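One letter stands for each residue in the lines below.
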Amino acid sequence: MSQDAHPPAPARRRDSAATRAAILKAAREIFTQRGYDGAGLREIANAAGADTRLIGRYFGSKEGLFAEVVDLAYEKSMMMTPEHNAEAARTLLTGEGGAQADGLLLTLRSASNPRAAAIMRDSIERNYQRRLADALPGTDTTGRSAVLIAICAGVLLNRLLLGHTALNGPDTERLVPYLHAALDAVAKVPQSADDEK
């Protein structure tokens, strides 16, 4: 084959995959820094070293790109079920939280846009909340999983973004049993009134 021949099709597919991944990476960083409204497609494409038109080709629109970024940002969410709550409480209060902080920043900086808020809510309900609800024992698992997610978000917001002193001190470990109990209060099947008599 001469040097002027085109590369084989598999090489082009790998390039396409790499370009798509570069756009997603750049978009995640820029959406996290600037929020949905502050992020421009040209800026994202430039950061990825790609043509702006490729965003439309790979993601359809800014909304489509944002939806994929959100799914990735929320992907590694912790399970807060009775058998995992001791570990979840410890992670929430003492974990490094870099990716979790980025997910919170993405959420907070984009939530003022109604369409972005709807995309984020859909992602949480369709993915994380459903997985958690399916893993919880008992009834009303959808509502209980939503409460658990709200507790998780509140702890992370106060600890990682606001830097709440009591949640960042050298003795924060002492709070783990309290958070563990709070998570269990929602995750475990509540006793019925008859059981309590």
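Conventions used here
Residues numbered from 1 in each chain as written. Predicted model: local features only at pLDDT ≥ 70, side-chain atom pairs only at ≥ 80, totals over all residues. Heavy atoms only, no water. Helix = DSSP H or I, 4+ residues; strand = E, 2+ residues; numbered from the N terminus. Buried < 20%, exposed > 50% of the residue type's maximum accessible area, 1.4 Å probe, protein only. Contact = heavy atoms within 4.5 Å. Areas by Shrake-Rupley, 256 points an atom, 1.4 Å probe, with all protein chains shown as cover. Core = buried A, V, L, I, M, F, W, Y, C linked by side-chain atoms within 4.5 Å. Axes fitted to C-alpha atoms, helices over the stretch in contact; angles between N-to-C directions. Parallel < 35°, antiparallel > 145°, perpendicular 65-115°, else oblique. Left-handed = near helix turned anticlockwise from the far one by under 90°. Nonpolar A, V, L, I, M, F, W, Y, C, P; charged D, E, K, R; others polar. Expected span 1.5 Å × (residues − 1). Arc of directions from axis to C-beta.

Enquirer: Give me the overall build of the chain: which residues, what numbers.
Expert: Scanning the chain from terminus to terminus reveals 10 helices and zero strands. In sequence order, the chain lays out its α and β elements as α-α-α-α-α-α-α-α-α-α. Within the chain, the proportion of its 197 residues that are buried is 36%. Taking the contacts inside the chain whose residues are at least 6 apart along the sequence as the reference set, 70% of them involve residues at least 24 apart. Summed over its atoms, the accessible surface of the chain is roughly 11400 Å², and 53% of this surface lies on carbon and sulfur atoms.

Enquirer: Explain the nonpolar core residue by residue, including any values.
Expert: Counting 25 residues, the largest nonpolar core has Ile 23, Phe 31, Ile 44, Leu 65 and Phe 66 as its most contacted members. If you list the elements that add at least two residues to this core, you get helix H1 (9-38), helix H2 (41-48), helix H3 (53-59), helix H4 (62-73) and helix H7 (114-135). Looking at this core element by element, the count peaks at seven residues for H1. With residues up to four places along the chain from it excluded, the contact list for Ile 44 reads Ile 23, Ala 26, Ala 27, Ile 30, Phe 31, Ala 39, Ile 55 and Leu 65. Among the nonpolar cores identified, the runner-up in size contains 22 residues, and Leu 104, Leu 132, Leu 148 and Leu 167 belong to it.

Enquirer: I'd like a rundown of the packing of helix H5 (residues 85-94) against helix H9 (residues 176-187), residues and numbers included.
Expert: Between two packed helices, the angle of one axis relative to the other and the distance separating the axes together describe the packing. With their axes 8 Å apart at the nearest point, H5 and H9 run at an angle of 130 degrees to one another. Comparing their axes, H9 and H5 come out oblique. Note that H5 runs across H9; the crossing there is right-handed. Facing H5, whose interface residues are Asn 85, Ala 86, Ala 88, Ala 89, Arg 90, Leu 92 and Leu 93, H9 presents Val 176, Leu 179, His 180, Leu 183, Asp 184 and Ala 187. By residue class, the composition of the contact of H5 with H9 is nine nonpolar, two polar and two charged.

Enquirer: Go over the side chain of Thr 141 with me, naming the residues and quoting the values.
Expert: Locating Thr 141 in the fold gives a position in helix H8 (residues 141-161). Excluding anything up to four places from it in sequence, Thr 141 contacts Ala 133 and Leu 136.

Enquirer: Explain H8 to me, using residue names and the numbers behind them.
Expert: Residues spaced three or four apart along an α-helix face the same direction, because each turn holds 3.6 residues. For H8, which comprises 21 residues, the first-to-last C-alpha distance of 29 Å matches the rise-based estimate of 30 Å (1.5 Å per residue) to within 8%. When H8 is considered as a whole, its buried residues turn out to be Thr 141, Arg 144, Ser 145, Leu 148, Ile 149, Cys 152, Val 155, Leu 156 and Arg 159. One face of H8 carries all of its buried residues, which in axial projection span an arc of 140 degrees. On its buried face, H8 is in contact with H5, helix H6 (98-110), H7 and H9. Looking one or two residues beyond H8, the residue adopting positive phi is Gly 163, at roughly 70 degrees.

Enquirer: Go over the environment of Met 78 with me, naming the residues and quoting the values.
Expert: If you trace the backbone, Met 78 turns up in the loop between H4 and H5. Note on Met 78: relative accessible area 16%, which makes it buried. Residues Met 78 and Thr 91, 13 residues apart in the sequence, show an inter-C-alpha distance of 9.0 Å. Apart from the residues lying within four places of it in its own chain, the contact partners of Met 78 are Ala 88, Thr 91, Leu 92, Gln 100 and Tyr 128.

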